[in-house]
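Residue-level structure breakdown
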Amino acid sequence: MTAPLHPDTVAVRGGRADLEGMGVHALPIDLSTTNPLPDIERGGESYEAMATGGRPPADGSMVYARLWNPTVARFEDALAELEHAEAAVAFSSGMAAMTAVILAHTSAVGRRHVVAVRPLYGGTDHLLGSGLLGAETTYCQPDEVASRIRPDTGVVVVETPANPTLELADIRAIVAQAGSVPVVVDNTFATPVLQNPIDLGATMSLHSATKYLGGHGDVIAGVVACSESTAEALRRVRAVTGGLLHPLGAYLLHRGLTTLPVRVRQQQENARRIVQWLIDRPEVAEVFYPGLDGDPRGILGRQMRGTGAMIAMRMRGGYTAAATVTGATALFTHAVSLGGVDSLIQHPAALTHRPVPPEARPAADVLRLSIGLENVDDLIADLARAFADLGGADAPASERAAMSEAG
Ligand SMILES: *Cc1c(COP(=O)(O)O)cnc(C)c1O
């Protein structure tokens, strides 16, 4: 038996097993929407195999691109290997991936219930609370999962580190509380470079691939790593509902994976420097970053290989100060999304977490930073310039009033 390859190697080499046989080196892009059928029998058998969630038979056909696409499948194979999973299934967005996970686990009779650990990304919180998918959701804290499980619970949803305030949830402990109920972990913030939920007992590791996996802000996509049998259930939903990842997106994601470990390590290095700078700044009331609290419950040490490149902070001057800073940075782009090579700043309560009910919404004084690959001294200088616009450390009384109004 050969030793397993290092993740850095898998990132560069994964999902490329068939290229040499094709006589090509770079990833090919297959844009065919339909594919030749060998004959009616084998065409029909291929259709049947894929419509029920399987792979195209060796002597068959891929039939139609809603059922199978080789460019997408190569990206899925690479991601599955990075996540230590048997398989992965890619979707048109992170939300399409979460939708497929919920539908696949709650559409059976007597399986209508979801347990969701807060905090979650605003879109996920909203999707689960909307009732749009016909499921009923109970929200809870990480240590309340066991008490919220019901006979009709189909899936447990958890995100760690959580968007936007970087709370960590103990994946092993949640899996233990869930018992036989499948657990999906949103691994978007950590990436497979820093955390592998499948190794910790999770059933599925889900990504908004739009973020770190793509890494360049030019693809919307989602992907779920899991066992082959769970992948079959997800492919079935994908084939029926059509939430497909386009092969051009899959190509960009697969290409992006090659630099994922290097990007994540350097972005994390920059983030750590920025955190050290922020905690000494009088304009900042509190910095949220994994491990900054000394990891009292040991979760970080047990399940992550690093702290990542996302930072949240509470501004001492409240909402007004937060609004000033988002308008005053030059290098940090004031924009939602995260995980790309360029640094972004945004206000979660107003934007990414707007659909979350007030009791679970981030506070009005919280800003979220996604740290990119720019030179870290330039990034710190940019924040210092923006803080200078606040006009001193102590928020004027008018700002404190605005903060309490905004909740
Ligand atoms: C962005 C995001 C999503 C949603 O993904 P899209 O690709 O925008 O649909 C889900 N979870 C987390 C943690 C995210 O940051």
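Quick caveat, the model's predicted, so the values are computed rather than measured. (Residues numbered from 1 in each chain as written. Predicted model: local features only at pLDDT ≥ 70, side-chain atom pairs only at ≥ 80, totals over all residues. Heavy atoms only, no water.)

1. Overview of the pairing of strand β2 (residues 113-117)
Consecutive side chains along a regular strand alternate between the two faces of the sheet. Rules: Using a 1.4 Å probe on the protein chains alone, a residue whose accessible area is under 20% of its type maximum counts as buried, one over 50% counts as exposed, and one in between counts as partly exposed. Runs of E in the DSSP output that reach at least two residues are strands. Runs of H or I that reach at least four are helices, and both are numbered from the N terminus. When DSSP finds two or more bridges between a pair of strands, those strands are recorded as paired. Consider the strands pointing away from the viewer: the crossover is right-handed when the path from the first strand over the helix to the second runs clockwise.
Across the five residues of β2, five count as buried, placing the element largely inside the fold. Here five bridges tie β2 to strand β3 (residues 136-140), and the two strands are oriented parallel to one another. If you follow Val115 over to β3, its bridge partner there is Thr138. Between the parallel pair β2 and β3, the chain is carried across by helix α6 (residues 122-130), and the sense of this crossover is right-handed. In terms of strand pairing, β2 meets strand β4 (residues 153-159) through four bridges, oriented parallel. Looking across to β4, one finds that Val115 is bridged to Val156.

2. Focus: helix α10 (residues 228-241)
Each α-helix turn comprises 3.6 residues. Residues three or four places apart therefore point the same way. Put simply, the rule is: A helix is expected to reach a length of 1.5 Å times the quantity of its residues less one.
With 14 residues, α10 extends 20 Å from end C-alpha to end C-alpha; this agrees with the ideal 20 Å at 1.5 Å per step. Those residues of α10 that sit buried are Thr230, Ala231, Ala233, Leu234, Arg235, Val237, Arg238 and Ala239. Just downstream of α10, Gly242 is the residue with a positive phi angle, here 85°.

3. A few points about the domain arrangement of the chain
Interface size is commonly expressed as the accessible area that is lost once the parts come together. What counts is decided by this rule: An automatic or database domain assignment supplies the residue ranges for each domain. Two residues form a contact once any of their heavy atoms are found within 4.5 Å. What counts as buried area is the accessible surface, traced by a 1.4 Å probe, that two parts surrender upon association, with contributions from both included.
The domain boundaries assigned to the chain delineate domain 1 (7-32 + 69-257) and domain 2 (260-406). For domain 1 versus domain 2, the separation of C-alpha centres amounts to 26 Å. Listed per partner, the contact involves 39 residues of domain 1 and 40 residues of domain 2. In total, domain 1 and domain 2 occlude about 3,200 Å² of area from one another, counting both sides; carbon and sulfur atoms represent 63% of this.

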